[in-house]
Amino acid sequence: MKLFLAPIQGMTTACYRNAFARHFGNIDAYYTPFIGTSEIKKVSQSLLKDILPENNDPMVKLVPQLLGNDGIQFKSFARIISDMGYKEINWNVGCPFPMVTKKKKGSGILLYPDMVNKFLDQACSDSSYKITVKMRLGFDDTEAGIRVMQVLNQYPLGGVIIHARTGIQMYSGHVDLDGFEALTALCKHEVTYNGDIFNYDNFLNTSARFPAIENFMLGRGALIDPFLPSKIKGNIISPDNKISIIRQFHDEIFNYYRSILSGEKHLCDKMKEFWNYMIINMDKDGKFAKKIKKCSHSSEYLALINQIFQHNLEWEI
Ligand SMILES: Cc1cc2nc3c(=O)[nH]c(=O)nc-3n(C[C@H](O)[C@H](O)[C@H](O)COP(=O)(O)O)c2cc1C
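Residues numbered from 1 in each chain as written. Predicted model: local features only at pLDDT ≥ 70, side-chain atom pairs only at ≥ 80, totals over all residues. Heavy atoms only, no water.

**What about the domain arrangement of the chain?**
Stage number 1. On domain assignment, one finds that the chain holds domain 1 (2-233) and domain 2 (239-311).
Stage number 2. Every contact between the two is made by 18 residues of domain 1 and, on the other side, 16 residues of domain 2.
Stage number 3. Sorting the residues of domain 1 by area buried against domain 2 places His23, Ile224 and Phe227 first, and these three jointly supply 36% of that buried surface.
Stage number 4. Applying the counting rule to domain 1 against domain 2 returns one salt bridge.
Stage number 5. With a closest N to O distance of 2.0 Å, Glu252 and Arg22 form a salt bridge.
Stage number 6. Inspection of the region where domain 1 meets domain 2 yields five residue pairs in polar contact (both at pLDDT 80 or more).
Stage number 7. Mapped by element, the contributors of at least two residues to the side of domain 1 that touches domain 2 are helix 1 (14-23) and helix 8 (220-224).
Stage number 8. With six residues, helix 1 is the largest single contributor of residues to the side of domain 1 that touches domain 2.
Stage number 9. Its residues assigned to classes, the side of domain 1 that touches domain 2 comprises 11 nonpolar, three polar and four charged. (Domains from an automatic or database assignment. Contact = heavy atoms within 4.5 Å. Buried area = accessible area lost by both parts, 1.4 Å probe. Salt bridge = Lys/Arg side-chain N within 4 Å of Asp/Glu carboxyl O. Polar contact = N/O pair within 3.5 Å; in protein donor to acceptor, adjacent residues only side chain to side chain. Helix = DSSP H or I, 4+ residues; strand = E, 2+ residues; numbered from the N terminus. Nonpolar A, V, L, I, M, F, W, Y, C, P; charged D, E, K, R; others polar.)

Here you go:
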C-alpha cells in the first residue's frame, strides 16, 4: 500500500514537505501544489522555485503538478521539469475555484472531453516524463467524469488520482463513494483514492470498501494529524515523543518563514494557515483559536504558541 501527500496550495510547500518527511515520514510521494502553465517564455526560476532540486530534500519523492488546458504549453513546462530529474508530472483537472474552472481549467475541463483528448495528444507525445492525472468525479456530476475517463483510458498515463467529489462541491458535502466506484470500475490505469480520510477509522472504512485500491492520498487529514500516515502504515511512534515532534516541526516552519518573509503581520498570517489545521487537535476547548487569529506580531505569536504547547503536554489522538 502506498500513501501520498496531497497538494494543498500555500501549505505543502517545499519547506513544509521537507520538514514533514523528516519529522513524520511514512509518505511515499509528495505532490506539489499546482504551477499554472503559460507561454514558455514566462517560465522563470521564481515560478519553479518550489520544485527546484536545491529546495527539496533529495530523499523525498516529489511529483510536480501543473494546471492548464493547453497541451503544448504543458509539454514545454513538463520538459523543463523532467530535465530537473522529475519523471512523473501530475496534471490537475480537479481545481474547483470558479476563476480557474471558467477558463476550462482544473475541474472545469471535465465538461469538455474533446479538449482533454487534444490536450493529451499533445502532452503525451514526449516520452521523457509520465503523466498522472488528479481529477474529481466530474464538474457537476459523475457522467462528465465517466466521459473523461473513457478518454484517459486511451493514453499511456502513469495513474489517476480521484478526489471523490465533483467540482461544484468544492470541499463541502460528503465524498461520493458510489461515484468513485463507478469511475474506478471504468479506469484502465492504476487508481489512487483521495478524499476525507481524516482519521484511522476513515482509512479502514475506505480501504474495506475498496479492497483492490492500493494507493491513498491524504490531504487535510495529514495536516491536522501528521502522525496519521505512520498510524496507517502501522509504524508506531511513542506517544511521549509526539508533542515534542510537533513542536520541532512547527519551529522549523516558523523559522523558515521568519527568514524569508518581511513584515511581522505577513509572518503571523502565514503561520495562521498552519494553525488552521493544527489547532483542531490542540484546542479542543476553543481557548486559543481566536487569539491566534488576532496575532500580528511574532513576539505575541510566540508567547501564545508557548501557551498552546504548555496546555498540550501530550498529543491526544
Ligand atoms: C486550501 C486547499 C488547497 C488545495 N490546493 C490544491 C492544489 O494545488 N492542487 C491539487 O491538486 N489539489 C489541491 N487541493 C485539493 C487536495 O489536494 C485534496 O484533493 C482535497 O483536499 C481532498 O483530499 P482531503 O480530503 O484528504 O483533504 C487543495 C485543497 C485545499 C483545501
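Back to the write-up after that little detour.
**Here we look at the nonpolar core**
Stage number 1. Formed by 89 residues in total, the largest nonpolar core has its most connected members in Phe74, Trp91, Met135, Leu152 and Trp275.
Stage number 2. Each of domain 1 (2-233) and domain 2 (239-311) contributes no fewer than three residues to this core.
Stage number 3. When near neighbours in sequence (up to four residues on either side) are disregarded, Trp275 contacts His250, Met282, Ile292, Tyr301, Ile305, Ile308 and Phe309. (Core = buried A, V, L, I, M, F, W, Y, C linked by side-chain atoms within 4.5 Å. Buried < 20%, exposed > 50% of the residue type's maximum accessible area, 1.4 Å probe, protein only.)

**Side note on the pattern of salt bridges**
Stage number 1. This structure, assessed with the given rule, holds 15 salt bridges.
Stage number 2. Asp178 is the partner of Arg209 in a salt bridge, and the nearest nitrogen-oxygen pair spans 2.7 Å. Taken together, the residues span a long stretch of sequence, with Arg209 in helix 7 (residues 200-209) and Asp178 in helix 6 (residues 177-186) at a distance of 31 residues.
Stage number 3. Take Arg209: its relative accessible area is 36%, and that puts it in the partly exposed class.
Stage number 4. Residue Asp178 is classed as exposed on the basis of its relative accessible area, which comes to 51%.
Stage number 5. Notably, a salt bridge pairs Arg220 with Asp196, separated by 2.9 Å at the nearest N-O pair. Of the two residues, Arg220 is situated in helix 8 and Asp196 in the loop between strand 7 (191-194) and helix 7; the sequence distance between them amounts to 24 residues.
Stage number 6. By relative accessible area, Arg220 is classed as partly exposed at 23%.
Stage number 7. Overlapping salt bridges bring together Arg79, Asp83 and Asp126 as one network.

**What to know about unusual backbone geometry**
Trans peptide bonds make up the majority, and among non-glycine residues the majority have a negative phi.
Stage number 1. Although it is not a glycine, Asn26 sits at a positive phi angle of roughly 65°.
Stage number 2. When you line up the elements, Asn26 lands in the loop between helix 1 and strand 2 (29-36).
Stage number 3. Phi at Lys104 takes a positive value of approximately 60°, unusual for a residue other than glycine.
Stage number 4. Relative to the assigned elements, Lys104 resides in the loop between helix 3 (98-101) and helix 4 (113-123).

**Points about the site of the ligand**
Stage number 1. In the vicinity of the ligand, 17 residues are found, and the nearest of them are Pro7, Gln65, Asn194, Asp196 and Arg220.
Stage number 2. Between an oxygen atom of the ligand and a main-chain N or O atom of Phe34, the distance comes to 3.2 Å.
Stage number 3. Contacts to the ligand include Gln65, whose side-chain N or O atom sits 2.8 Å from an oxygen atom.
Stage number 4. Burial of the ligand by the protein amounts to 89% of the accessible area it has alone, namely 610 Å².
Stage number 5. The cavity where the ligand resides is the largest pocket. (Near = heavy atom within 4 Å. Areas by Shrake-Rupley, 256 points an atom, 1.4 Å probe, with all protein chains shown as cover. 1 Å grid on protein atoms, 1.4 Å probe; cavity = no way out; pocket = protein on both sides within 12 Å on 5 of 7 lines; lining within 4 Å. Sits in = over half its atoms within 2 Å of the grid points.)

**Some points on the environment of Gln248**
Stage number 1. Considering the arrangement of structural elements, one finds Gln248 in helix 10 (residues 239-260).
Stage number 2. Exposure remark for Gln248: the relative accessible area of 43% places this residue in the partly exposed category.
Stage number 3. Separated by 100 residues in the primary sequence, Gln248 and Val148 place their C-alpha atoms 44 Å from one another.

**Here's the deal with the packing of aromatic side chains**
For any pair of aromatic rings, the description rests on two quantities: the centre-to-centre distance and the angle between the ring planes.
Stage number 1. Applying the stated criterion across every chain, the model contains 23 aromatic pairs.
Stage number 2. When the centroid spacing of 4.9 Å and the interplanar angle of 80° are considered together, the rings of Phe180 and Tyr193 count as edge-to-face. Separated by 13 residues along the polypeptide, Phe180 in helix 6 and Tyr193 in strand 7 bring together distant segments of the chain. Summarising the burial analysis for this pair, Phe180 and Tyr193 share the class buried.
Stage number 3. A ring pair is formed by Tyr193 and Phe210, whose centres lie 6.5 Å apart and whose planes are at 20°; its orientation type is stacked. In this pair, Tyr193 sits in strand 7 while Phe210 sits in the loop between helix 7 and strand 8 (215-218), placing the two residues 17 residues apart along the sequence. (Phe/Tyr/Trp six-rings, centres within 6.5 Å; stacked < 30°, edge-to-face > 60°.)

**Description of the pairing of strand 3 (residues 62-67)**
On a regular strand, one side chain projects to one face of the sheet and the next to the other, so that they alternate.
Stage number 1. Among the six residues that make up strand 3, six are buried, leaving the element largely enclosed by the rest of the structure.
Stage number 2. The pairing of strand 2 with strand 3 spans five bridges and is parallel. Bridge pairing in strand 3 links Tyr31 to Val63.
Stage number 3. Pairing geometry for strand 3 and strand 4 (residues 88-93), over two bridges, is parallel. Paired with Leu66 across the strands is Trp91, a residue of strand 4. (Pairing = 2+ DSSP bridges.)

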